[in-house]
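Structural overview
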Amino acid sequence: MATRIDIDHRAVPAAEGTILRHPEKANRPDNPIQRKPAWIRVKAPNSPIYHETRNLMRDNKLTTVCEEAACPNIGECWSQRHATMMIMGETCTRACSFCNVATGLPKALDADEPRRVGDAVAKLGLRHVVVTSVDRDDLADGGAEHFAATIRAIRAAAPGTTIEILTPDFLRKNGALEVVVAARPDVFNHNLETVPKLYPTIRPGARYYHSLRLLDRVKQLDPTIFTKSGVMVGLGEQRIEVLQVMDDLRSAEVDFLTIGQYLQPTVKHAAVDRFVTPDEFADYARMARSKGFLLVSATPLTRSSYHADRDFAALRDARAASLAAA
């Protein structure tokens, strides 16, 4: 039987950790964390390769979203030498109520970080890498040039590696998106996260239609780049609202959709409204495929970069099949 595990690499008590990481949430009323159903239990990480991957991140002074967001899949992914690099620090300028990444005033950018990311990708021997970041509303370009520099560094250190980026929304950062797209990642991912009605409480610093336009603009700038987006369910959305998000994403020609169960990081975060069943996820996957996405991943444990290397290969094959059939 799988062991239930809540992963957080910081050795601090839960209450203290919440205050340190999320000072803006410290005075919110507690939302008790519900017991997870059997279908989203995961095994504790204990593979030697898991520890090798962890040590490589430490040696290169790199941050991963796997740890910062307390991802439930970290044991599986790191045991396969898959890790999602998180650039531009570990402190976010936003305070989304679903997210476990620390909030506050970030430090200055580390100019050597792109090189270290490139070196780590080469040492891990990755076929495919995912690079994400915190929101950096404090920067004039939102960190766009740092993303571009990281893409270039990976190309130089590991020319055979395909690159997927998961970016912030670059809200009110004119010209930032163009800088990132010009660096030509293979996949451009930006998550809508939830349905429009929940943005004021779940993603208050963002704007649904701005995020949608961002994805649409990527395709306008470079139609060869695969675009990808993801949503969480179990936050209080209705099925019809999720289907409308699918339609909105297809209107922006998004290629790949991910849907996963929201899991509450601490008692100060948004409460889980309900645990969506595997059968419901299968229904969402069926509906998304019928709407024309090249690829869909919809399971309780699906996350944006989960099985990203395998999915990229499938995405490329799906595009080739679609073009052949046209």
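What you see is a predicted model, and the numbers here were worked out from it, not measured in a lab. (Residues numbered from 1 in each chain as written. Predicted model: local features only at pLDDT ≥ 70, side-chain atom pairs only at ≥ 80, totals over all residues. Heavy atoms only, no water.)

What follows covers the packing of helix α10 (residues 239–251) against helix α11 (residues 278–290). Packing of α10 against α11 leaves a shortest axis separation of 10 Å and a crossing angle of 35 degrees. You can see that α10 and α11 cross each other, and the crossing is right-handed. Side by side, α10 and α11 meet where Arg239, Val242, Leu243 and Met246 of the first sit next to Asp283, Tyr284, Met287 and Ala288 of the second. Residue classes in the contact of α10 with α11 are distributed as six nonpolar, no polar and two charged. (Axes fitted to C-alpha atoms, helices over the stretch in contact; angles between N-to-C directions. Helix = DSSP H or I, 4+ residues; strand = E, 2+ residues; numbered from the N terminus. Left-handed = near helix turned anticlockwise from the far one by under 90°. Contact = heavy atoms within 4.5 Å. Nonpolar A, V, L, I, M, F, W, Y, C, P; charged D, E, K, R; others polar.)

Before going further, it helps to examine the pairing of strand β5 (residues 162–166). Within β5, five of the five residues are buried, leaving the element largely enclosed by the surrounding structure. Judged from the five bridges that link them, strand β4 (residues 128–133) and β5 form a sheet pairing that is parallel. By the bridge assignment, His128 is partnered in β5 with Thr162. Across three bridges, the pairing between β5 and strand β6 (residues 187–189) is parallel. In the strand pairing of β6, Glu164 is matched with Val187. In this fold, β5 hands off to helix α7 (residues 176–182), which returns the chain to β6; that crossover is right-handed. (Buried < 20%, exposed > 50% of the residue type's maximum accessible area, 1.4 Å probe, protein only. Pairing = 2+ DSSP bridges. Right-handed = clockwise from strand over helix to strand, strands pointing away.)

As a further point, take the sheet that holds strand β7 (residues 226–233). Taken in spatial order, the seven strands make up an open sheet running β1-β4-β5-β6-β7-β8-β9, and their pairing is parallel. If you trace the sheet from one side to the other, it starts and ends with β1 (84–87) and β9 (295–298), each paired once. Neighbour-to-neighbour, the strand axes of this sheet turn through a mean angle of 20 degrees, independent of strand direction. Relative to β4, β1 is paired through four bridges, and the arrangement is parallel. Residue pairing in the sheet places Ile87 in a bridge with Ser133 of β4.

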